[in-house]
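A closer look at the structure
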Amino acid sequence: MLRALHIRDFVIVEQADIAFDTGFTVFSGETGAGKSILIDALALALGGRGEASLIRQDAPRADISAVFDAPEAAAGWLAEQALEGPELILRRVIDAQGRSKAWINGVPATLGQLRDLGALLVDIHGQHAHQSLLQAASQRELLDTHGGHADQARVLLQAWTDWRQAQAALDAARSDAAGQTVLLERLAADVAWLDDLAPEPGEWPDLCARQSRLAHAQALLAGAGQAVEALDGESGSAAQALHAAIQSLQSLARHDPALEEHLQSLESARILCAETVSGLNAYADRLEPDPAALEQADARMGRMFEAARRFHVEPETLAEHHEALRTQLRQAEAGQDLEALERACRRAESDYMAQARALGAARRATAVQLAGQVTAAMQTLSMDGGVFDITLADCKPAAHGLETVEFLVAGHAGVPPRPLSRVASGGELARISLALSVIASQAARVPTLIFDEVDAGIGGAVAEVVGRLLRELGARHQVLCVTHLPQVAACAARHFQVSKTTRAGHTLSAIQPLDAQSRTEEIARMLGGLKMTDATRTHAREMLASGQTG
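Residues numbered from 1 in each chain as written. Predicted model: local features only at pLDDT ≥ 70, side-chain atom pairs only at ≥ 80, totals over all residues. Heavy atoms only, no water.

Quick look at the overall build of the protein chain
For clarity, the threshold we go by: We count a stretch as a helix when DSSP gives it H or I for four or more residues in a row; a strand needs E for two or more, and each element gets its number in order from the N terminus. The globule rule used here is 2.2 Å times the number of residues to the 0.38 power, and the radius of gyration it is set against is calculated over C-alpha atoms. By definition in these notes, contact holds between two residues if any of their heavy atoms fall within 4.5 Å. Note on areas: Shrake-Rupley, 1.4 Å probe, and residue coverage restricted to the protein chains presented here. In summary, the charge assignment counts Lys and Arg as positive and Asp and Glu as negative, without counting His or the chain termini. For this purpose, a charge sits on NZ of Lys, CZ of Arg, CG of Asp or CD of Glu.
Counting secondary structure elements, the protein chain contains 20 helices and 15 strands. Against the compact-globule benchmark of 24 Å for 550 residues, the protein chain has a radius of gyration of 41 Å, which places it well outside the compact range. Its C-alpha atoms give the protein chain principal-axis dimensions of about 130 × 80 × 40 Å. Taking contacts inside the protein chain between residues at least 6 apart in sequence as the whole, the part at least 24 apart equals 69%. Summing over all exposed atoms, the protein chain offers an accessible surface of approximately 28,200 Å²; the carbon and sulfur share of this is 53%. Of the charged side chains in the protein chain, 49 are positive and 70 negative, and the gap between their average positions amounts to 10 Å.

As structure tokens, this is what we get:
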């Protein structure tokens, strides 16, 4: 449930801190006061699209925070993201350059994470939702959402994609058989050439080092011998000089212990000198000129240079290129296996058809149930005798399934249902949309439902019914509604007024909760406009009393 919304410098809202409670809450105010801005701010905190134009004029950034109680439905998602409840704080900041930052409980988050979590917390029905009902895709999506088929629809879409890809691979193999043969022959020849060479990962640096050592073996032997002579020769060697220095200090260290440190350093140098001489002698024993080995190394380097030129790569990457060609050859061989491609295509088609038939059956069952519920709701919305129906017509296989979904309506008794897009008036469409929203929301697990002027085009007695519907829905969910209808506002448990003021030439929006007296004044304003009379106030009190008890 939404507990609080904190808004800073968003559109025309300088600062707003709104606390929410359970049940049915309404927001009202004059046109242009910023009622829907509240919904837009919440949508931004839930991962909606943000841009610099949303920042209040002359402000450096917009800052939105929404505080929720974590619902049970979000427990799994929170565990996957290593986040904890029971309170969730979603924050979104947009700066003047349009850059956006987001946090969940103080931890940096992506917009995708905000949207995923937001889908478990809030369901927003926009003020133009009824217009989308005229689109076939929206009708199908609404049916799937109400019936809980959304996951099935996503699986079906993936099955369709897999089938299309398998069919494309088969078609390509059939249409370009000659080209595939040429490609296969070229790849086979290249792989065979490199198989014969058999380059190993990391071979080139080792080969270069070995060839250089063999090519300069004589010079290396001579240099090692000269170093041994300088370190441990019979005359004037480093070992003799170190020995003499050690003897000199040993006799003097008896008189001054401070010389012990230097004596130890000389002893370490003598030991290191001896170890170096030993190592150089062992190196010289191992290193012998080997013309045959040098010839082999030169030949190997020559072949690798030739391969590098042939395949336009560096010698050190020949092993990786060899493996890449092997992979391409395997893929080309698989692409020429028409029987295997045909089997894969048949499997993909079979999987798609099974998924599509299962989804179609689920849709038909849901269509009957939803049509009956909407028809019953229409009787209470001044559409007595009206009928709502959902037809599912077979169609060619498509990404959405094997059937089209179409909403039909008969506005009154005695006429057959016809497509919603052709027969519904604006008022009828708004009422049907609201009925669908309420019915779909009754089955929703989302704790907070928001209706942004979905009652547009409705008035009179129908508005009272709409208000009671939303009040009843508020017994099961937290319901927030932006409305211009006093009949709807009178049914709410809590009422906020949105107003606008001008300060220093700037228009600002303010939101405040209404007590009993100020709520009567607001209902009276909604009834009678700017001119207040005793009659409108009396009517407002009567409407509030009826809305809370009727």
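There's plenty left to go through after this.
Some thoughts on the pattern of salt bridges
Stated precisely, the cut-off is as follows: What makes a salt bridge here is a side-chain nitrogen of Lys or Arg within 4 Å of a carboxyl oxygen of Asp or Glu, nothing more. Exposure classes here rest on a 1.4 Å probe applied to the protein chains alone. A residue is buried below 20% of its type maximum, exposed above 50%, and partly exposed in between.
Here the structure, examined in full by the defined rule, presents 21 salt bridges. With a shortest N-O distance of 3.3 Å, R326 and E323 are connected by a salt bridge. Taken as a pair, R326 and E323 lie in helix 13 (residues 318–336) at a separation of 3 residues, close to a single helical turn. Judged by relative accessible area, which is 32%, R326 ranks as partly exposed. The partner of E403 in a salt bridge is R363, with the nearest N and O atoms 2.7 Å apart. You can see E403 sitting in strand 10 (residues 401–410) and its partner R363 sitting in helix 14 (residues 338–380), a full 40 residues away along the chain.

Overview of the nonpolar core
Put simply, the test is: Nonpolar cores are built from buried Ala, Val, Leu, Ile, Met, Phe, Trp, Tyr and Cys residues. Side-chain atoms within 4.5 Å join them into one set.
Within the largest apolar cluster, 48 residues are counted, with the highest numbers of intra-cluster contacts made by F24, F388, I390 and L470. The biggest single contributor to this core is helix 16 (residues 426–442), with 7 residues. Apart from residues no more than four positions distant in its own chain, L470 is found in contact with F24, V438, F451, V479, C481 and V488. Membership of the second largest hydrophobic core comes to 45 residues, among which are I7, I12, F27 and V498.

Let's talk about the packing of helix 8 (residues 203–215) against helix 12 (residues 291–311)
Defined as follows: Working convention: axes come from line fits to C-alpha atoms, limited for helices to the stretch in contact. Angles between N-to-C directions cover 0 to 180 degrees. It is the rotation of the near helix from the far one that decides the hand of a crossing: anticlockwise by less than a right angle makes it left-handed, clockwise makes it right-handed. Each residue gets one of three labels, nonpolar for Ala, Val, Leu, Ile, Met, Phe, Trp, Tyr, Cys and Pro, charged for Asp, Glu, Lys and Arg, and polar for the others, Gly among them.
Contact geometry of helix 8 with helix 12 gives a least axis separation of 9 Å together with a crossing angle of 140°. As helix 8 runs across helix 12, the sense of the crossing is left-handed. Packed against helix 8, whose contacting residues are E203, W204, L207, C208, R210, Q211, L214 and A215, the element helix 12 presents A293, L294, A297, D298, R300, M301, M304 and F305 at the interface. Residues of the contact of helix 8 with helix 12, tallied by class, amount to 11 nonpolar, 1 polar and 4 charged.

Things to note about helix 1 (residues 35–45)
Along helix 1, 9 of the 11 residues are buried, which leaves the element largely enclosed by surrounding structure. K35, S36, I37, L38, I39, A41, L42, L44 and A45 are the residues of helix 1 that are buried. Note on helix 1: the residue one or two positions beyond its end, G47, has a positive phi of about 100°.

As for the packing of aromatic side chains
Applicable threshold: Aromatic pairing here means that ring centres of Phe, Tyr or Trp (its six-membered ring) are within 6.5 Å. Orientation follows from the plane angle: under 30 degrees is stacked, over 60 is edge-to-face, and everything else is tilted.
Per the stated rule, a full pass over the model turns up 9 aromatic pairs. Look at W160 and Y352: their rings are 5.5 Å apart centre to centre, the planes differ by 55°, and that puts the pair in the tilted class. Remark: Y352 occurs in helix 14 and W160 occurs in helix 6 (residues 150–175); sequence separation between them is 192 residues. A single burial state applies to W160 and to Y352, both of which are buried. Here W163 and Y352 contribute two aromatic rings whose centre-to-centre distance is 5.2 Å and whose plane-to-plane angle is 35°, an arrangement assigned as tilted.

Structural notes on the sheet that holds strand 9 (residues 387–398)
Note the following rule: Paired strands, as defined in this entry, are two strands with at least two bridges between them according to DSSP.
With respect to topology, 3 strands assemble into an open sheet ordered 9-10-11, the strand pairing being antiparallel. Two strands close off the open sheet at either side, each with one partner strand: strand 9 and strand 11 (418–419). Here 9 bridges tie strand 9 to strand 10, and the two strands are oriented antiparallel to one another. Looking at strand 10, one finds that A398 is bridged to G401. Across the face of the sheet, helix 5 (residues 136–147) comes into contact with strand 9 and strand 10 while running at roughly 95° to strand 10. Helix-sheet contacts for helix 14 involve strand 9 and strand 10, and the interaxial angle to strand 9 is about 165°.

Remarks on helix 11 (residues 260–286)
For the record, the criterion: For a helix, the expected span equals 1.5 Å multiplied by the number of residues minus one.
In this model, helix 11 (27 residues) spans 39 Å end to end at C-alpha, consistent with the 39 Å of a helix rising 1.5 Å per residue. Taken together, the buried positions of helix 11 are occupied by L263, C273 and V277. Against the buried residues of helix 11 lie helix 9 (217–232) and helix 10 (238–253).

Notes on the pairing of strand 4 (residues 61–69)
Most of strand 4 is tucked away: 7 of the 9 residues are buried. As judged from the 6 bridges shared by strand 1 (residues 2–10) and strand 4, these two strands associate in the antiparallel manner. Residue A4 lies in a different strand from strand 4, and its bridge partner there is V67. In this structure, strand 4 lies alongside strand 5 (residues 87–95), joined through 9 bridges in antiparallel fashion. Bridge pairing in strand 5 links V67 to I89.

A few points about the environment of G460
Tracing the sequence through the fold places G460 in helix 17 (residues 460–473). Between the C-alpha atom of G460 and that of A173, which follows or precedes it by 287 residues, the distance is 67 Å.

Some words on unusual backbone geometry
If you check the backbone angles, A198 has positive phi at about 55° while not being a glycine. Locating A198 in the fold gives a position in the loop between helix 7 (177–197) and helix 8. Taking relative accessible area as the criterion, A198 reaches 35% and is therefore assigned partly exposed. Positive phi, close to 55°, is recorded for H312, a residue that is not glycine. Mapped onto the elements of the fold, H312 is located in the loop between helix 12 and helix 13. The class of H312 is exposed, set by a relative accessible area of 74%.

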